[in-house]
Amino acid sequence: MDWIQLAIEAGFGLAFIIVVMSMAGLTVVAERKFCGFIQGRLGPNRTTIPILGSIPFFGRLITRMGLFQLVADGSKFLFKEEIVPGHVNKFYYNLAPIVALIPPLVPLVVLPFGQMTLADGTIRQLIIANVDIGMLVILAFSSLGVYGTVLAGWAANSKYPFMGGIRASAQMISYELTMGLSILPVFLWANVPGSTEGLSIANIVVFQQTHWFVYLQPLTALLFLVALFAETNRAPFDMAESETDLVGGFHTEYGAFKFGIFFVSEYAHVIVGSGLFVLLFLGGSNFLPMLPNPWPVGIPGAILSTLWFIAKTSALVFFFIWIRWTLPRFRYDQVMNLGWKMLLPVAIANLVFVMVLLATITPVAAQ
Amino acid sequence: MPGKVKEIERKPLSLAEKTFLPQIVSGLKVTCANMLRKKVTREYPDVLPPIPPGYRGMPTLVKDPDGREKCVSCQLCEFVCPPKAIRITPGAIPEGSPDAHVEKAPQEFEIDMLRCIYCGMCQEVCPEEAIFLQNKFTLNGLSRQELVFNKERLYEAGGTLQDQHFKWKKKKESEEHGNAQH
Amino acid sequence: MSEESKKPQEVTINIDGKDYKVPAGMNLIDAVKKASGKEIPHYCYHPKLSVVGNCRMCMVEMGTPMIDRATGQPILDDKGTPKIGWMPKPAIACASKATDGLHVRTDSPMVQDCRKGTLEFLLINHPLDCPICDQAGECRLQEFATDYGRGYSRFVEQKNVKPKRTQIGPRVMLDDERCILCSRCIRFCREIIKEDVLGFVNRGSYSTLTAYPGRQLDSNYSLNTVDLCPVGALTDTDFRFKMRVWFLKPVSSICTESSVGVNTEVWSREGKIYRITPRENDAVNDSWMADSGRRLYKQVEADNRLLTCKTGGADVNFGEAVTKAASILGSAKLAIVGSAHSSVEEQFALALLAKAKKASVSVPAHVGEGDSILISSDRSPNTRGALVTGLVNTLPNPTLSDLESAITSGKIDALLVVREDITQAGIEAAKLAGVRIVYIGTHANATSQAAQVVIPIPTVFERNGTFINQNFRIQKFNTCVPAPADMRSELKVISEIAQAIGIEGLDGLTVSQVWKQMTTEVQELTGLSFESIPDHGTQLQAGRFASIRFPEGPSLHYTPGATSIAKA
C-alpha cells in the first residue's frame with residue numbers, strides 16, 4: 001500500500017466531510033431563508049457576531065443573509081443541557097445519533113466530485129475510492145441510514161418516537177425497491193455487455209459527457225427522484241417526523257447536541273442524495289450536455305469542475321427545499337399506496353422497457 | 001335545507017392528474033412567484049407599526065389640564081375589569097387641599113399589567129374619564145411585581161388629558177357663587 | 001291604631017286586575033308587596049316610622065266598586081261585574097290602607113307618568129356625585145332613576161347650592177345637596193330614640209336638613225339614620241370612602257354587644273369586614289341597631305388579637321400547645337371558667353369536658369347599664385345559653401369569689417379559661433401565679449399574660465353557631481370571614497384537648513355534630529337542629545328558668561319576666 005496515496009485520500013475524505021457538513025449547515029440556513037421567502041417573510045436576518053457584523057458592507061450583508069444564524073444554531077445545540085430521559089434505553093439512545101450520521105457520510109468516498117484533464121489529454125475522475133461496485137456501496141450505506149431512525153424510535157421507549165421509527169422502516173423498505181429498480185436502467189444503458197466497470201459511478205459520469213440521462217431516461221430520473229425524497233425522509237415524505245401527528249417523530253425524546261446530529265444527518269442525506277442524482281442524471285462534473293467540457297488542463301480544471309458539480313448539487317438541494325415548502329405531507333397510507341401500487345409497477349415496467357429497448361436497438365451512446 | 005342539496009359526482013382523475021405532476025408543477029409555480037414577491041415582514045423594533053385610532057394599549061390614568069387627578073376612586077373599573085387586574089384603595093381628600101371639593105381620590109391605584117387583557121372596559125365605564133388605554137403596547141419587566149403599576153407610574157404613563165369639561169371646577173365655582181342668583 | 005281589631009281581618013284587594021287577600025288596615029305599600037310581590041317605589045315611607053307622604057313617589061291609581069246610592073246595590077257594567085269608580089287623580093299608596101274591595105293600579109301609564117315627573121323634580125337639584133357617593137349601588141334614587149329617569153336633564157338653570165360635608169354628629173356626615181327631603185331621619189329621631197335633633201330649615205327648593213343649633217346627632221343610634229337615608233345624604237364617617245357596597249358580601253350574624261341579640265348583616269370583601277348593619281327582625285330589633293355594636297368588627301384586626309399558640313410566651317405549633325395544655329389540665333384539681341361569649345355549641349362541649357373531669361365551672365357575668373332600647377344590662381350575648389346547656393346552674397355573677405377562694409386555699413392548681421379575662425372578674429392578677437392556666441381566647445389580656453398555654457380561637461365573625469338571647473330566642477350567626485391562617489375553632493380546640501387528656505366521646509366535634517347530641521340531652525332544644533333554625537331565630541320554651549332573676553331591664557321587645565317564660 002502506498003502510504004502517501006492513503007494519506008492523500010484520507011485528506012480528501014476529511015475535506016469532503018468538512019465540505020458536506022458545512023453545506024449541511026448552510027442548507028439549514030437556506031431552508032429557513034427560502035421558507036421565509038416563500039411565505040412572504042424575510043427569514044433569519046438578525047443574528048450577528050459583534051466584530052464581524054460591523055464590517056461596513058460585508059458584515060451587514062452576511063447578517064441580512066442570515067449566515068450567522070448557522071453559528072447561533074450550532075452553538076445553541078452545543079451548549080444546551082443534555083437531557084437523557086429516565087425511561088430510555090441508554091445505550092441505544094446514545095448510539096442512535098451516531099448510527100444516523102455515518103451512513104450519509106460513507107458514500108462520499110465513491111462519489112466522483114470532479115475531473116482532471118491530464119497533460120496527455122486523458123481525463124481522470126476525481127474520486128476517493130473508484131471501486132466498480134460504487135453504486136452498491138451507496139445503496140448499502142444509505143439504507144443503513146434508517147437504522148439510526150429506527151434505533152432512535154426504539155431507544156426512546158415512548159409511543160410517538162416508536163411510531164416514527166416504524167414508519168421510517170416501512171417507508172425505507174418500500175422505496176428502496178423503487179430506488180434500486182430505477183438505478184438499474186441507467187447502468188444497463190451505460191454498460192455494454194461484458195463491461196468490467198460494473199456499478200462504478202465514475203463510469204456513469206464519463207458516459208454522460210455528451211448526453212445526460214435526465215433526458216435519455218426521464219421516467220427513470222423521475223422515479224429515482226421520488227424514491228430519493230422518500231429515502232431522505234424529506235417532505236412530502238417525512239413520515240418519520242410528521243409533527244402534526246407524531247409530535248417530533250423519532251427524535252421526540254432527543255434534545256441538544258444529539259438532536260443536532262439527527263438534524264445534520266438529515267441534511268447530509270439531502271446533500272449526498274442530490275449529489276447522487278447529479279452524478280446519475282445530470283452529468284456529474286460535466287459542463288453541459290452536447291457541449292465539450294471547457295475545463296482547462298490540470299489543477300484549475302479540477303477545481304472548476306468540482307465547483308460546477310457543487311453548483312449543480314446546490315441547485316438540486318434548493319429544489320428539495322422548494323418542494324418541501326410547496327407540497328403538503330402525504331398521509332401514511334398514501335405514501336404506501338404510492339410506493340407499492342404506483343412507483344414499483346412503473347419502475348418494473350420501466351426496467352423491462354429499457355431492457356427490451358437495449359436488446360433491440362443499439363443505444364446511441366454505446367457505439 | 002335538505003331538499004336543495006345537490007350532489008355532484010366527483011370527476012374521475014385524468015392520467016396526468018393521477019401522477020400528481022401537473023399539480024406539483026403548478027404548486028411550484030405558486031411558491032416560486034411568492035419567493036420573488038415583495039416581503040410583508042415588518043422589521044419590528046426598527047420599524048414600528050402604525051397605531052390605528054382607538055387602539056387599546058396600556059391602561060393609564062390621566063390628569064386634567066389643571067393637573068388635578070381625575071380619578072375619584074369610584075371603583076367601577078375595578079368592578080367591571082374582567083380579569084380583576086385593577087385594585088383600588090379609596091381615600092378621602094383632606095380638607096384644605098385645593099381639590100377638597102372632589103372629596104374622594106384613590107389612595108392607591110394598582111393595575112396588574114400581567115393580568116390586564118386590554119379590553120378597554122375600564123375606559124368605557126369610567127364616569128370621570130380618568131382612565132384611558134393609550135398607545136403603548138410593549139411592556140416588560142424582570143419580575144411580576146415590577147409589572148404591577150402603582151398610581152405614580154400610571155399617572156406618569158398617562159399624562160394630561162386636554163379636555164375642557166372641568167366638571168368639578170365648575171362645581172366649585174358654583175359653590176363659591178352660592179345661591180346668589182336669588 | 002285604636003281602630004285595629006284584635007284579630008286581623010282579611011280583606012280582598014285588587015292589584016292590577018288580580019284579587020289578593022291581605023290583612024285589613026295594612027299599609028297599601030306593604031300590602032301590595034306582600035300580596036303580589038310588586039314594589040311601589042317610595043322614599044319617605046318606612047314601615048317602622050309614621051307616614052308623612054312627602055316624597056310623592058308612591059302614587060298609584062285607586063278605585064272602589066260603585067254603589068247605586070238609591071238602592072245601595074253595586075252598579076254592574078255590561079259584563080255583569082261591578083263597575084269600578086276610579087278616582088280622577090292618583091293618590092299616594094303610603095297614606096292608604098288595605099280596605100275591602102279596593103282596586104289599585106300600580107303600573108298604569110298615569111302612574112308611570114307620575115313617577116317620571118316626581119323623579120325629574122327630585123333630580124333637578126341632585127348633584128352628579130354618584131362616583132364619589134357611598135350610597136351608590138344601594139341608592140333608591142339611583143335605582144328608580146334607572147327605572148323612571150329620562151336619562152338627561154332638561155334643567156338648564158344653576159343647581160341649588162347647599163352645605164356639603166357637614167358633620168352633624170360624631171359618626172354621621174351630612175351632604176345636603178344629595179338630600180331629597182324624605183324626613184325619615186327626622187322621624188327616626190323623634191319617634192324611635194325620642195331625641196329631637198334634626199329638622200328642615202328654609203322653604204321650597206331651599207329646604208335644608210340640619211341639626212338644631214347647638215345640638216348634635218350624637219345618640220348611640222345615630223347610624224340608623226344612615227341606613228334609613230334612601231340617598232347618600234347621610235353617611236357613616238367610619239365607612240365613608242372605604243369600599244363600594246357592590247363589592248361587599250353580606251352575611252347574617254348576631255351582635256354580641258349585649259343579651260338583646262340584635263340581628264345583623266356583616267359586610268365583607270375578601271376576608272376583611274367593612275361594616276355591620278342591622279337585619280330586620282320584628283321580634284328582636286325591628287330595623288335598628290346601636291352604633292357601638294357596629295364597631296365591634298374592629299376586634300377582628302385589633303392589635304391585641306391572638307394569632308399564634310403560645311406556651312410560656314413562646315410561639316409553638318398547635319400540636320405542641322395541646323400537648324402542653326393536656327399536661328396541665330390532666331390535673332385532678334382542675335377548675336374551668338366558661339364564657340357567655342361562647343356559642344351554645346361551645347358551651348355544651350365545655351360542659352361535657354367539665355363533667356368528664358368533674359371540674360367546677362364558673363362563668364363571669366358582664367353587667368353594664370342598659371339603654372332600654374337595644375342594649376341590655378347583660379353585656380354578653382349568650383348568658384341564657386350557659387344555663388340552657390347546663391354549663392352553669394345559677395345566674396353568672398360579675399365576680400368569681402368562689403373561684404378566688406379555691407385558688408387561695410389551693411383547692412385547685414389548674415385552670416382552663418375560655419374567652420374571659422378573670423382579672424376583670426375580681427381575681428387579682430398576682431393570685432394567678434398560684435395556678436397553672438390554659439387560656440383559650442381571641443385577644444390578649446391579663447389572663448393570657450399569666451397563662452402557661454395560650455391557644456387562639458376565632459371571633460364571632462369567623463365561626464358559626466348560635467346564641468340564646470334575653471328572650472330565650474335561639475339565633476344563628478354565620479361565618480362572615482375566614483379565620484386567620486392556622487387557627488382552630490373553639491370546638492376543635494376543646495375536642496383536641498379532651499382527646500389529649502384521655503376523655504372519650506369528644507373527638508372531632510363540629511357544630512352539627514354537637515347539635516345531634518344537644519337535641520337529645522338538652523330539653524329546650526329537643527326537636528331542633530342547627531340547620532332548621534330560621535334566620536330570624538326560634539323561640540325556646542324556658543319555663544325551667546322562671547325562678548331566676550335576670551339583670552336585664554325592659555327593652556324594645558322585652559319585658560322582664562314575661563313572654564317566653566309565661567308561654568312555657
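Residues numbered from 1 in each chain as written. Chains lettered and ligands numbered in written order. Predicted model: local features only at pLDDT ≥ 70, side-chain atom pairs only at ≥ 80, totals over all residues. Heavy atoms only, no water.

Student: Looking at this structure, how should I read the overall build of chain A?
Tutor: For chain A, the helix and strand inventory stands at 14 helices and 2 strands. Its C-alpha atoms give chain A a radius of gyration of 21 Å, near enough to 21 Å, the size a compact globule of 367 residues would have. Its C-alpha atoms put chain A at 60 × 55 × 50 Å along the principal axes. For chain A, buried positions account for 51% of its 367 residues. Contacts in chain A between residues at least 24 apart in sequence constitute 77% of all its contacts with a sequence separation of at least 6. (Helix = DSSP H or I, 4+ residues; strand = E, 2+ residues; numbered from the N terminus. Rg over C-alpha atoms; globule rule 2.2 N^0.38 Å. Buried < 20%, exposed > 50% of the residue type's maximum accessible area, 1.4 Å probe, protein only. Contact = heavy atoms within 4.5 Å.)

Student: So what exactly am I meant to see when it comes to the interface of chain B and chain C here?
Tutor: For interface size, the figure often reported is the accessible area lost on association. With 29 residues of chain B in contact, the opposing surface of chain C contributes 24 residues. Here chain B packs against chain C, burying approximately 2,200 Å² in sum over the two surfaces, 51% of which is carbon and sulfur. By the criterion of area lost to chain C, the three top residues of chain B are Glu103, Lys104 and Asn179 of chain B, representing 27% of everything that side buries. At the boundary of chain B with chain C, the tally comes to 7 salt bridges. The tally of links between chain B and chain C comes to 7 residue pairs in polar contact (both at pLDDT 80 or more). When contributions to the side of chain B that touches chain C are tallied by element, the ones reaching two or more residues are helix H3 (76–80), strand E2 (86–92) and helix H6 (167–177) of chain B. If you tally residues by element for the side of chain B that touches chain C, the top one is H6 of chain B, at 6 residues. (Buried area = accessible area lost by both parts, 1.4 Å probe. Salt bridge = Lys/Arg side-chain N within 4 Å of Asp/Glu carboxyl O. Polar contact = N/O pair within 3.5 Å; in protein donor to acceptor, adjacent residues only side chain to side chain.)

Student: When you look at unusual backbone geometry in this model, what are you seeing that I'm missing?
Tutor: Leaving glycine out, the prevailing phi sign among residues is negative, and the prevailing peptide bond configuration is trans. All names here are of chain C. Phi is positive for Asp16, which is not a glycine, with a value near 50°. Tracing the chain through its elements places Asp16 in the loop between strand E1 (10–15) and strand E2 (18–23). Even without being glycine, Asn202 reaches a positive phi, approximately 65°. For Asn202, the position within the fold is in the loop between strand E9 (198–201) and strand E10 (208–211). Judged by relative accessible area, Asn202 falls into the exposed class, the value being 53%.

Student: Explain the interface of chain A and chain B here, please?
Tutor: Taken together, the contact between chain A and chain B spans 20 residues of the former and 17 residues of the latter. Taken over both partners, the interface formed by chain A and chain B buries close to 1,500 Å², and the fraction arising from carbon and sulfur atoms is 71%. When the buried surface of chain A facing chain B is broken down by residue, Ile38, Arg46 and Trp322 of chain A rank first, second and third, together holding 31% of it. At the junction of chain A with chain B, the criterion picks out 3 salt bridges. In this structure, Glu43 of chain B and Arg64 of chain A form a salt bridge, with 2.7 Å as the shortest nitrogen-oxygen distance. Between chain A and chain B we count 9 residue pairs in polar contact (both at pLDDT 80 or more) in total. Listed by contribution, the elements that provide at least two residues to the side of chain A that touches chain B are helix H1 (3–38), helix H13 (299–324) and helix H14 (332–360) of chain A. Counting residues per element, the side of chain A that touches chain B draws most heavily on H13 of chain A, at 4 residues. Partitioning the side of chain A that touches chain B into residue classes produces 14 nonpolar, 3 polar and 3 charged. (Nonpolar A, V, L, I, M, F, W, Y, C, P; charged D, E, K, R; others polar.)

Student: In this structure, what is going on with the sheet that holds strand E7 (residues 166–167) of chain C? I would like to understand it.
Tutor: Sheet strands line up and pair through hydrogen bonds in the backbone, either parallel or antiparallel. Residues and elements named next belong to chain C. On the basis of which strands lie adjacent, the open sheet formed by 3 strands has the order E7-E8-E11 and antiparallel pairing. The two strands at the open ends of the sheet, each matched to only one other strand, are E7 and strand E11 (234–236). With 3 bridges joining them, strand E8 (residues 172–174) and E11 adopt antiparallel strand pairing. Counterpart to Met173 in the pairing with E11 is Thr235. (Pairing = 2+ DSSP bridges.)

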